[in-house]
Amino acid sequence: MKVYFTNYKNIYNTPNTPQVFYGRDVRLAKSKIDGAVENCKFGKYIADEYNVSLSWVHEAFKKFNNGKSLKDARRENVAKLVRSSQSDEEIAQKLNVSLARAKDMRCALNNSRQQTKQARVNAIRNGLLEGKTTADIANELGLKEHTVKVYIREFKLREK
């Protein structure tokens, strides 16, 4: 019996065969992971979204991007977003964080954290002088009521 391999295709050398990385199509995985990282998503979100393990996401990203870690790439994208001309509200919505957290991120990148703290103290002091409640002040500043109470206690704003 003679066996002819005229129709045999080597799956490793055929150009139309997709590359596979741990059982997943590489082109599909690379585009999905890179798109999610561009939108500043965490690795856990990517793993849940595409039904893969978190370690697979980290390994795949590292393999696709010449050893660069997912965490570093996400930080760079967040920094670009925060340094952009978008408002704090737009950044908070895109990153799915609170308005106060978005403001803190911007201040951390600009090394002006102390200015923000002093601005918050002044705003809380003015709100208290106007007779506003801590809940009203918290809503205006985009903070939690507990945070406003901590500022009042720490800076002794009731005494002045």
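Residues numbered from 1 in each chain as written. Predicted model: local features only at pLDDT ≥ 70, side-chain atom pairs only at ≥ 80, totals over all residues. Heavy atoms only, no water.

### Some points on unusual backbone geometry
Negative phi is the rule for most residues except glycine; trans is the rule for most peptide bonds. To be explicit about the condition: Going along the chain from the N terminus, every DSSP run of H or I of four or more residues is numbered as a helix, and every run of E of two or more is numbered as a strand.
The phi angle at Asn66 is positive, at roughly 55°, despite the residue not being glycine. Here Asn66 shows up in the loop between α3 (54–64) and α4 (70–83).

### So, the nonpolar core
Worth spelling out the cut-off: In this description, a nonpolar core means a group of buried Ala, Val, Leu, Ile, Met, Phe, Trp, Tyr and Cys residues linked to one another through side-chain atoms lying within 4.5 Å. Exposure classes here rest on a 1.4 Å probe applied to the protein chains alone. A residue is buried below 20% of its type maximum, exposed above 50%, and partly exposed in between. Throughout, a residue-residue contact means that at least one pair of heavy atoms, one from each residue, lies within 4.5 Å.
Membership of the largest hydrophobic core comes to 13 residues, with the highest contact counts inside it found for Ile33, Val37, Ile46, Trp56, Val57, Phe61 and Leu70. Secondary-structure elements contributing two or more residues to this core are α1 (26–38), α2 (43–50), α3 and α4. In terms of residue count, α3 provides more of this core than any other element does, five residues in total. Each residue touching Leu70, except ones within four places of it in the same chain, is listed here: Val37, Gly43, Ile46, Val57, His58 and Phe61.

### Structural notes on the side chain of Asn77
With respect to the secondary-structure elements, Asn77 resides in helix α4. In this structure Asn77 comes out as buried when scored by relative accessible area, which is 9%. Residue contacts for Asn77: discarding those within four places in its chain leaves Val37, Glu38 and Cys40.

### Looking at the layout of surface pockets
Our working rule: Cavities and pockets are defined on a 1 Å grid built over the protein atoms alone: a cavity is a set of grid points where a 1.4 Å probe fits but cannot escape, while a pocket is an open set with protein on both sides within 12 Å along at least five of seven lines, and lining residues are those with an atom within 4 Å of any such point. Grid points are joined across faces, edges and corners, and a volume is the space filled by probe spheres set on the points. The residue classification treats Ala, Val, Leu, Ile, Met, Phe, Trp, Tyr, Cys and Pro as nonpolar and Asp, Glu, Lys and Arg as charged. All others, Gly included, are polar.
The volume enclosed by the largest pocket comes to roughly 320 Å³. In terms of lining residues, the largest pocket is bounded by 14 residues, among which Cys40, Phe42, Arg74, Leu95 and Val97 are the most central. Secondary structure elements with two or more residues in the lining of the largest pocket: α4, α5 (88–95) and α6 (99–110). For the lining of the largest pocket, the leading source of residues is α4, giving three residues. In the lining of the largest pocket, the residues fall into seven nonpolar, two polar and five charged.

### Digging into the confidence of the model for the chain
The condition is simple: The pLDDT value expresses, per residue, how confident the predictor is, ranging between 0 and 100.
In this model, the chain carries an average pLDDT of 76, and 77% of its residues clear a pLDDT of 70 or more. Note that pLDDT drops below 50 for residues 1–18; the model gives that stretch four contacts with residues more than four away or on any other chain.

### Describing α3
Structurally, the α-helix is built with 3.6 residues per turn, so residues lying three or four positions apart point the same way. The condition is simple: This arc corresponds to the set of directions leading from the helix axis out to the C-beta atoms.
Looking at α3, one finds that the buried residues are Trp56, Val57, Ala60, Phe61 and Phe64. Down the axis of α3, the smallest arc covering the buried residues is 125°, so these residues share one side. Once α3 finishes, Asn66 follows within two positions and takes phi at roughly 55°, a positive value.

### Quick notes on the packing of helix α8 (residues 134–141) against helix α9 (residues 145–154)
Working note: a packed helix pair is described by the angle between its axes plus the distance between those axes. Where we set the bar: Working convention: axes come from line fits to C-alpha atoms, limited for helices to the stretch in contact. Angles between N-to-C directions cover 0 to 180 degrees. Our angle categories are set so that under 35 degrees counts as roughly parallel, over 145 as roughly antiparallel, 65 to 115 as roughly perpendicular, and the remainder as oblique.
Taken N-terminus to C-terminus, the directions of α8 and α9 make an angle of 110°; their axes are 8 Å apart at the nearest point. In terms of orientation, α8 and α9 fall into the roughly perpendicular class. Here Thr134, Ala135, Ile137 and Ala138 of α8 lie close against α9, whose contacting residues are Glu145, Val148, Lys149 and Ile152. Its residues placed into classes, the contact of α8 with α9 shows five nonpolar, one polar and two charged.

### Looking at the packing of aromatic side chains
This is how the line gets drawn: Stacked, tilted and edge-to-face pairs are distinguished by plane angle, under 30 degrees for stacked and over 60 for edge-to-face with tilted covering the rest, among Phe, Tyr and Trp rings (Trp via its six-membered ring) whose centres lie within 6.5 Å. We call a charge positioned above a ring when the Lys NZ or Arg CZ atom is no farther than 6 Å from the ring centre and deviates by at most 35 degrees from the ring normal.
Going through the model one piece at a time under the given rule, you end up with one aromatic pair. With 5.9 Å between their ring centres and 15° between their planes, Tyr151 and Phe155 make a pair best called stacked. Residue classification places Phe155 among the partly exposed residues on the basis of a relative accessible area of 33%. For the cation-ring pair, Arg74 lies above Phe42, with the distance from its terminal atom to the ring centre recorded as 3.6 Å.

### Let's talk about α4
Heads up, the condition is: Given a helix with a known number of residues, its expected span is that number minus one, times 1.5 Å.
Under the 1.5 Å per step criterion, the end-to-end length of α4 is 20 Å for 14 residues, consistent within 8% with the ideal 20 Å. Every buried residue of α4 is listed here: Leu70, Ala73, Arg74, Asn77, Val78, Ala79, Leu81 and Val82.

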